[in-house]
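Results of the structural survey
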Amino acid sequence: ETGVTQSPTHLIKTRGQQVTLRCSSQSGHNTVSWYQQALGQGPQFIFQYYREEENGRGNFPPRFSGLQFPNYSSELNVNALELDDSALYLCASSSSGTGGLSYEQYFGPGTRLTVT
Amino acid sequence: SQQGEEDPQALSIQEGENATMNCSYKTSINNLQWYRQNSGRGLVHLILIRSNEREKHSGRLRVTLDTSKKSSSLLITASRAADTASYFCATVGGGFKTIFGAGTRLFVKA
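Just so we're clear, the structure is a prediction, and the values are computed from it rather than from any experiment.

1. Looking at the overall build of chain B
Helix and strand content of chain B: 0 helices and 11 strands. Taken from the N to the C terminus, the helices and strands of chain B come in the order β-β-β-β-β-β-β-β-β-β-β. For chain B, the C-alpha radius of gyration of 13 Å lies close to 13 Å, the compact-globule estimate for 110 residues. Projecting the C-alpha coordinates of chain B onto the three principal axes gives extents of approximately 40 × 25 × 20 Å. The long-range share in chain B, meaning contacts at least 24 apart out of those at least 6 apart in sequence, stands at 53%. A total accessible area of about 5,100 Å² is found for chain B, and carbon and sulfur atoms account for 47% of it. In chain B, the 14 positive side-chain charges and the 9 negative ones have mean positions that sit 6 Å from each other.

2. Structural notes on the environment of Val92(B)
Tracing the chain through its elements places Val92(B) in strand S9 (residues 85-92). Separated by 71 residues in the primary sequence, Val92(B) and Met21(B) have C-alpha atoms spaced 19 Å apart.

3. Digging into the interface of chain A and chain B
Contact with chain A, which involves 27 residues of that partner, is made by 25 residues of chain B. In total, about 1,900 Å² of surface goes out of reach between chain A and chain B, with carbon and sulfur atoms giving 52% of it. The interface formed by chain A and chain B contains 0 salt bridges. Summed over the shared surface of chain A and chain B, the result is 4 residue pairs in polar contact (both at pLDDT 80 or more). Residue assignment for the side of chain A that touches chain B shows that the elements contributing at least two residues are strand S4 (31-37), strand S5 (44-50), strand S6 (53-57) and strand S9 (87-94) of chain A. A class-by-class count of the residues in the side of chain A that touches chain B yields 9 nonpolar, 15 polar and 3 charged.

4. Topic: the sheet that holds strand S8 (residues 74-78) of chain A
Residues and elements named next belong to chain A. Strand order in this open sheet of 4 strands is S1-S3-S8-S7, and the pairing throughout is antiparallel. Two strands in the sheet have a free side with no partner beyond their single neighbour: strand S1 (5-7) and strand S7 (64-68). This sheet shows a mean twist of 20° between the axes of neighbouring strands, independent of strand direction. Where strand S3 (residues 19-24) and S8 come together, 5 bridges link them in antiparallel fashion.

5. So, the nonpolar core
Met21(B), Leu32(B), Trp34(B), Leu74(B), Ile76(B), Tyr87(B) and Leu106(B) are the most contacted members of the largest nonpolar core, which has 21 residues in total. For this core, the secondary-structure elements that each account for two or more residues are strand S3 (19-24), strand S4 (31-37), strand S5 (43-50), strand S7 (61-66), strand S8 (71-76), S9 and strand S11 (104-109) of chain B. Residue contacts for Leu32(B): discarding those within four places in its chain leaves Cys23(B), Tyr25(B), Ile47(B), Leu48(B), Ile49(B), Leu65(B), Ser72(B), Cys89(B), Ala90(B) and Thr91(B). Counting 20 residues, the second largest nonpolar core, distinct from the first, contains Val4(A), Cys23(A), Phe60(A) and Ala87(A).

6. Quick word on the confidence of the model for chain B
Residue-level pLDDT values for chain B average 91, and 93% of them are 70 or greater. Mean pLDDT across the secondary structure elements of chain B bottoms out at strand S1 (residues 5-7) of chain B, with 85, and peaks at S7(B), with 98.

7. What to know about the side chain of Thr64(B)
Residue and element names in this part refer to chain B. By the secondary structure assignment, Thr 64 is in strand S7. Within the structure, Thr 64 has its side chain in polar contact with the side chain of Ser 73 (distance 2.6 Å). Sequence-distant contacts of Thr 64, that is, excluding residues within four places in its chain, are made with Ile 49, Arg 54, Glu 55, Ser 71, Ser 72 and Ser 73.

8. Here's the deal with the pattern of salt bridges
If you walk through the whole model with that rule in mind, you get 7 salt bridges over all chains. Among the salt bridges present, the one from Arg57(A) reaches Glu54(A), with a minimum N-O distance of 3.3 Å. Classification of Arg57(A) by relative accessible area gives partly exposed; the value is 26%. The class of Glu54(A) is partly exposed, set by a relative accessible area of 38%. Arg62(B) is the salt-bridge partner of Glu55(B), the closest N and O atoms lying 3.2 Å from each other.

9. Remarks on the sheet that holds strand S6 (residues 55-58) of chain B
All names here are of chain B. Strands sit in the order S1-S3-S8-S7-S6 across an open sheet of 5 strands; the sheet is antiparallel. Each edge of the sheet is formed by a strand with only one pairing partner; in this case those strands are S1 and S6. Each adjacent strand pair in this sheet contributes to an overall mean axis angle of 20°, direction not counted. Across 3 bridges, the pairing between S1 and S3 is antiparallel.

Rules used in this analysis
- Residues numbered from 1 in each chain as written.
- Chains lettered and ligands numbered in written order.
- Predicted model: local features only at pLDDT ≥ 70, side-chain atom pairs only at ≥ 80, totals over all residues.
- Heavy atoms only, no water.
- Helix = DSSP H or I, 4+ residues; strand = E, 2+ residues; numbered from the N terminus.
- Rg over C-alpha atoms; globule rule 2.2 N^0.38 Å.
- Contact = heavy atoms within 4.5 Å.
- Areas by Shrake-Rupley, 256 points an atom, 1.4 Å probe, with all protein chains shown as cover.
- Lys, Arg positive; Asp, Glu negative; His and termini not counted.
- Charge placed at Lys NZ, Arg CZ, Asp CG, Glu CD.
- Buried area = accessible area lost by both parts, 1.4 Å probe.
- Salt bridge = Lys/Arg side-chain N within 4 Å of Asp/Glu carboxyl O.
- Polar contact = N/O pair within 3.5 Å; in protein donor to acceptor, adjacent residues only side chain to side chain.
- Nonpolar A, V, L, I, M, F, W, Y, C, P; charged D, E, K, R; others polar.
- Pairing = 2+ DSSP bridges.
- Axes fitted to C-alpha atoms, helices over the stretch in contact; angles between N-to-C directions.
- Core = buried A, V, L, I, M, F, W, Y, C linked by side-chain atoms within 4.5 Å.
- Buried < 20%, exposed > 50% of the residue type's maximum accessible area, 1.4 Å probe, protein only.
- pLDDT = per-residue confidence, 0-100.

Right, dumping it as C-alpha cells:
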C-alpha cells in the first residue's frame, strides 16, 4: 500500500461553507499535490507544495488554498463552497529534487465532498 | 483543460485477451505515466516512461511512447477480471504539473 492517508473519507457541506481536508504524506516524501476529480473525469491539478511552499497552481480560484507542514502533512482549504465543488479530492505525495519536479506519485484514497 | 486524451473511452474484453489503450497529448513532456483507479478511489501508479525512452515493460504491462506523434499506448496482456478499472495517462512537462487525461474504462469479463 501507498502509505498516504486522507481524512475525512466523506464529507457533506452546504453551499457557502468552508471545508478543510487533510493528507498525511508517505514517509520520506517532500512534495504533495492536490487534485480534484469530478465524476467520470480525470484528476485536475489544484496545486503542489514542495518543502512547505506552493510550487505551482492549476486553474483554480484563490478560495482554494493549502498548507504543507514541516512533517510534510498537508491541508486543502476551500472557502465559499459552490455546488460544483462536489468531487473526489485526492492528494498525492512524491519525492522530488530541486524545484519540485515530480516523478511517480503515491495517491491517498481521497475525500468525497458533497456540497448541497 | 486536460492535456492527455485516452482512447477508447471504454473497453470491454474477455478474460485472457489483451487490452490496448492509447493516449495523446499536446505539448513537450519530461515523462509520461500510467495510473489505475478502482471504483473512484485513489490512483495506483503503474509505470513511468521518460521522454527519451520508447518502450518499457513491467510484468504484464507494456508501454510505448512516440514523442514525434505525441502519443503513448498501454498494453495489458492476458487480462484478468481484477484488471477491471479506469486507466489514466498523465504527462509531466518542464516543471511541477502533472496533467491527467479523462481515462479509459476497462471491463474484463470472467
